[in-house]
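Observations on the three-dimensional arrangement
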Amino acid sequence: MANAPVLVAGAAGGVQGSTGNLVARGLLEKGIPVRAFVRTDDDRAAALRTQGAEVYVGDLREIADVGPALRGVERAFFTYPVRDGLLEASAVFASAAAREGVRQVVEVSQLAPEPHAGTPRLRQHWVSEQVFDHAGVGAVHLRATVFYENIRALITTGPNGHQLVMPLGGQDAVLPLVGGRDVASVAVGILAAPEVRPAGFHRLVAGFASVSDVMAAFEVATGRPLHYVDVPSQAWKQSMLDNGLNAHAAAHLTSLWEVFRAAGAANWADPAYERNDAIARIGGQRAQTLEEFLRSNASHFASVGTP
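Quick summary incoming for the structure in this document. (Residues numbered from 1 in each chain as written. Predicted model: local features only at pLDDT ≥ 70, side-chain atom pairs only at ≥ 80, totals over all residues. Heavy atoms only, no water.)

Details of the overall build of the protein chain
Put simply, the rule is: Per the convention used, a helix needs a DSSP run of H or I reaching at least four residues, while a strand needs a run of E reaching at least two, with both numbered from the N terminus. With the radius of gyration taken over C-alpha atoms, the globule rule is written as 2.2 Å times the number of residues to the power 0.38. Here the term buried applies to any residue with accessible area under 20% of the maximum for its type, exposed to any over 50%, and partly exposed to those in between, with areas from a 1.4 Å probe on protein chains only.
Summing up its helical and strand segments, the protein chain has 13 helices and 13 strands in all. Relative to the compact-globule value of 19 Å for 307 residues, the protein chain shows a C-alpha radius of gyration of 19 Å, a close match. C-alpha extents for the protein chain along the principal axes are approximately 55 × 40 × 35 Å. For the protein chain, the proportion of its 307 residues judged to be buried stands at 52%.

Dropping the structure here:
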């Protein structure tokens with residue numbers, strides 16, 4: 001279908017990676033029609049309309065909302081926030097996409113999804129990938145690792161200034177990281193390609209950083225020191241819940257940090273974590289470094305208040 005719109009789920013963007021919003025904007029900048037699927041018709045939806053998107057309001061878990069939004073669409077982008085409902089939304093979206101003849105769905109998964117992965121969310125992502133694959137919609141899974149935006153959200157201020165409070169053990173604990181910007185760029189590269197790309201997956205890892213690397217990058221980027229505070233896993237989880245994080249996300253992240261805390265150097269040699277050229281080759285840009293990301297958010301850290 002000539003000039004068929006690309007449906008972008010999660011187009012309003014969330015509080016961290018906001019890949020849906022970045023994908024919608026990236027496609028519009030290329031002159032590609034966008035049908036933006038959002039949960040609430042708010043100021044973010046109004047901004048998308050101003051930018052030229054067609055806006056559909058609905059619930060990704062509701063077939064009566066998703067089906068009409070996918071009508072007349074050949075390509076689509078799917079992402080779902082870290083909260084309950086991923087499998088239901090995946091089943092609804094995949095079923096509707098198959099029924100409407102969608103040729104390609106690009107969906108945001110997570111690094112190393114397996115039936116026996118160390119967090120419930122990772123196990124759900126494995127099931128979600130299977131659902132899209134069996135639907136026959138040309139699914140391409142973006143297996144993204146921890147977003148830089150997660151680190152940004154966890155940097156607060158305490159008695160001694162900026163602090164990173166995480167249950168990772170020593171400062172030699174290592175995190176695989178990537179920026180939401182780069183994940184979105186790969187999605188745009190696939191969705192804007194002249195031809196539909198083969199189904200499959202891409203591992204998206206920009207680099208690895210130990211806790212001490214994060215501290216050093218923060219000081220270089222902002223000119224301020226960053227103090228690391230190690231806390232017990234359950235205390236960290238309760239703190240997140242007390243500060244409004246939903247139970248699904250708190251359970252996933254607590255389990256994920258435990259996986260990274262226990263991982264030795266050999267873990268990062270596993271092929272599931274290897275870096276590749278997907279960001280440059282498909283996204284068309286060099287992967288952003290942690291220091292670059294932190295520098296671009298210097299004003300955010302300057303405004304982070306003392307509890």
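Focus: the sheet that holds strand 9 (residues 161–166)
The following threshold applies: At least two DSSP bridges between two strands are required for those strands to pair. Throughout, an axis means a line fitted to C-alpha atoms (over the contacting stretch in the case of helices), and angles, computed between N-to-C directions, take values from 0 to 180 degrees.
In space, the three strands of this open sheet follow the order 8-9-13, with mixed pairing throughout. If you trace the sheet from one side to the other, it starts and ends with strand 8 (155–158) and strand 13 (227–230), each paired once. Strand after strand, the sheet turns through a mean of 45° between neighbouring axes, direction not considered. Note: strand 9 against strand 13, four bridges, orientation parallel. Looking across to strand 13, one finds that Gln163 is bridged to His227.

Comments concerning unusual backbone geometry
Backbone geometry places Ala112, a non-glycine residue, at a positive phi of 60°. As for its placement among the helices and strands, Ala112 is situated in the loop between strand 5 (104–110) and helix 5 (120–135).

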